[in-house]
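Examining the three-dimensional arrangement
Spelled out from the first residue to the last, the chains are:
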Amino acid sequence: MPMQEQPGPPGPRHAQDESHKLKAGLAKLAHDETAELTAGLAKLALDAPPEPLHAGARLRNYFLTGLVIVGPVTITLYIAWYFINIVDAWVKPYIPRIYNPESYLHFPVPGVGLVFAIVGLTLIGALAANLIGRSLISAGEMMLSRMPIVRNVYQGLKQIFESVVTASAPSRGFQKVALMEFPSKGIWSIVFVTGDAAEQIAAEIPGEDLISVFMPTGMLPPSGFVCFVPRKNVVPIHMSVEDAAKIIISAGMVNPETQAKLRDIAAKARNGTTGQPSTVVPVPPAPAQAPPPAA
């Protein structure tokens, strides 16, 4: 009886062909899945336009856009007009008739008192810069300092005005914005770092690197608390003083992200489009096709 031949082990040529077939199958499968995913993303990004808004929602968006544009301008002009009228009411009675334009015109001229006030303050400042002016000012301050009640009021007001003018200088303003735990642990508040603590204050608390910070109140932004705290308890943040002031005045409703959304809505309203800002889904490029298996 002849013996049956047993199949021998596959040769190297057969194993190489099987490896090429397996690689080609995997490459084709990956290419098909990538193409299907790319087509799905393209359909999601291009074939799904935003739903059109009805007339009521469109009118509401137009109204809010107009309010955002007109509201700040109107309030700013009203405050400026109110301030000009107050200064005119104070200064106009002291303007000589020959220099008052209203003496020659039949209608009031707003802003005349403000112009004369600015010119007068500039002249007084120039006068105080020379020896005669300093002597007159020193004599007037000496006279006020001898009055029992008036001297306290004058010295307090002088210190307030000197602090405001000094803080408004570019080199002595708020240095940076920071966060500090206040009024209790775990509650963070925005503060403005104004500089190092005075030597007299730092000497009373040895071993601590104290800095001075100003914490404005939300309801009355010009007012606030002046605190001397250790430098390690203050966390500086990357935010401008203007953005921090907007957050405080608006009770946290206005922030850089909100302003970006408002600018986007205003731009869409100017371009005549409506709806929410669209988000375009990036379509990944299709991978290069795998090379054919070597023979």
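Keep in mind that this is a model prediction, so the values were computed, not measured.

**Let's talk about the nonpolar core**
Of all hydrophobic cores here, the largest spans ten residues; its members are A178, M180, V191, V193, I211, V213, M215, C227, V229 and V234. Every element with two or more residues in this core is listed here: strand 1 (176-181), strand 2 (188-196), strand 3 (210-216) and strand 4 (224-230). Here this core gets three residues from one element, more than from any other, and that element is strand 3. In contact with A178, not counting residues within four places along its chain, are S189, I190, V191, V193, V234, V235, P236 and I237. Among the nonpolar cores identified, the runner-up in size contains seven residues, and I190, F192, I247 and I248 belong to it.

**Looking at the environment of F116**
Mapping F116 onto the fold places it in helix 3 (residues 112-127). Residue class for F116 comes out partly exposed when judged on its relative accessible area of 34%. If sequence neighbours within four positions are ignored, F116 has contacts with V91, I95 and Y99.

**Here we look at the packing of aromatic side chains**
Summed over the entire model, instances satisfying the criterion amount to one aromatic pair. Consider the rings of F182 and F225, whose centres lie 6.2 Å apart with planes at 50 degrees: the pair is tilted. Here F182 is found in the loop between strand 1 and strand 2, whereas its partner F225 is found in strand 4, with 43 residues between them in sequence. Given the relative accessible area of 45%, F225 is considered partly exposed.

**Section: the environment of W90**
With respect to the helices, strands and loops of the structure, W90 is situated in helix 2 (residues 55-91). By relative accessible area, W90 is classed as exposed at 63%. Taking the C-alpha atoms as reference points, W90 and G113, 23 residues apart in sequence, are found 7.6 Å from one another.

**Quick look at the pattern of salt bridges**
According to the stated counting rule, one finds five salt bridges in the structure shown. Between E102 and K92 there is a salt bridge, and its shortest N-O distance comes to 2.4 Å. Taken together, the residues span a long stretch of sequence, with E102 in the loop between helix 2 and helix 3 and K92 in the loop between helix 2 and helix 3 at a distance of ten residues. Note that K185 is salt-bridged to E181, the shortest N-O span being 3.2 Å. For E181, a relative accessible area of 27% puts it in the partly exposed group. Three or more residues are tied together by salt bridges with common partners; here these are D196, D209 and R231.

**Examining a nonpolar patch on the surface**
A cluster of nonpolar side chains, contributed by I98, Y99, Y104, L105, F107, V115, F116, V119 and L123, occupies part of the molecular surface with about 950 Å² of accessible area. For V119, a relative accessible area of 44% gives the class partly exposed.

**Examining the sheet that holds strand 1**
One open sheet accounts for five strands, arranged 4-3-2-1-5; its pairing is antiparallel. Two strands bound the open sheet, and with one partner strand each, they are strand 4 and strand 5 (234-236). Across the sheet, the mean angle separating the axes of adjacent strands is 40 degrees when strand polarity is ignored. Docked against the sheet, helix 7 (residues 241-249) engages strand 1, strand 2 and strand 3, running at close to 140 degrees with respect to strand 2.

**Here's the deal with the environment of V234**
Along the chain, the position of V234 falls in strand 5. The residues touching V234, leaving out its near neighbours within four places in the chain, are A178, L179, M180, V191, V193, I211, V213 and V229.

**As for the pairing of strand 1**
When strand 1 meets strand 2, the two strands line up antiparallel, connected through six bridges. Note on strand 2: the bridge partner recorded for M180 is S189. Where strand 1 hands over to strand 2, the hairpin turn is made up of six residues, of which G186 adopts a positive phi near 90 degrees. Where strand 1 meets strand 5, three bridges bridge the pair, whose relative direction is antiparallel. Bridged to A178 within strand 5 is P236.

The rules behind these values
- The numbering scheme is per chain: residues are counted from 1 as the chain's sequence reads.
- Totals for whole chains, interfaces and linings use all residues, but because this is a predicted model, local features are given only for residues with pLDDT of at least 70 and pairs of side-chain atoms are given and counted only at 80 or more.
- The side-chain values count all of the structure's non-hydrogen atoms but skip hydrogen atoms and water molecules.
- In this description, a nonpolar core means a group of buried Ala, Val, Leu, Ile, Met, Phe, Trp, Tyr and Cys residues linked to one another through side-chain atoms lying within 4.5 Å.
- Burial classification: accessible surface area is computed with a 1.4 Å probe over protein chains only, and a residue below 20% of its type maximum counts as buried, one above 50% as exposed, and the rest as partly exposed.
- Strands are runs of DSSP state E lasting at least two residues, helices are runs of H or I lasting at least four, and both sets are numbered from the N terminus onward.
- Residues count as neighbours in contact if any of their non-hydrogen atoms are within 4.5 Å of one another.
- A pair of aromatic rings is counted whenever rings of Phe, Tyr or Trp (Trp by its six-membered ring) have centres within 6.5 Å, and the orientation is called stacked for planes under 30 degrees apart, edge-to-face for over 60 and tilted otherwise.
- Salt bridge criterion: a side-chain nitrogen from Lys or Arg within 4 Å of a carboxyl oxygen from Asp or Glu.
- In this scheme, patches are assembled from residues that exceed 30% relative accessible area and form no salt bridge. Like charges are connected within 9 Å, while nonpolar side chains (Val, Leu, Ile, Met, Phe, Trp, Tyr) are connected within 5 Å.
- For accessible areas, the Shrake-Rupley method is used with a probe of radius 1.4 Å. Any residue's cover is judged against the shown protein chains and nothing else.
- Being paired, for any two strands, means DSSP has found at least two bridges between them.
- For helices, the fitted axis covers only the stretch in contact; all axes are lines through C-alpha atoms, and the angles between them, taken along N-to-C directions, range from 0 to 180 degrees.

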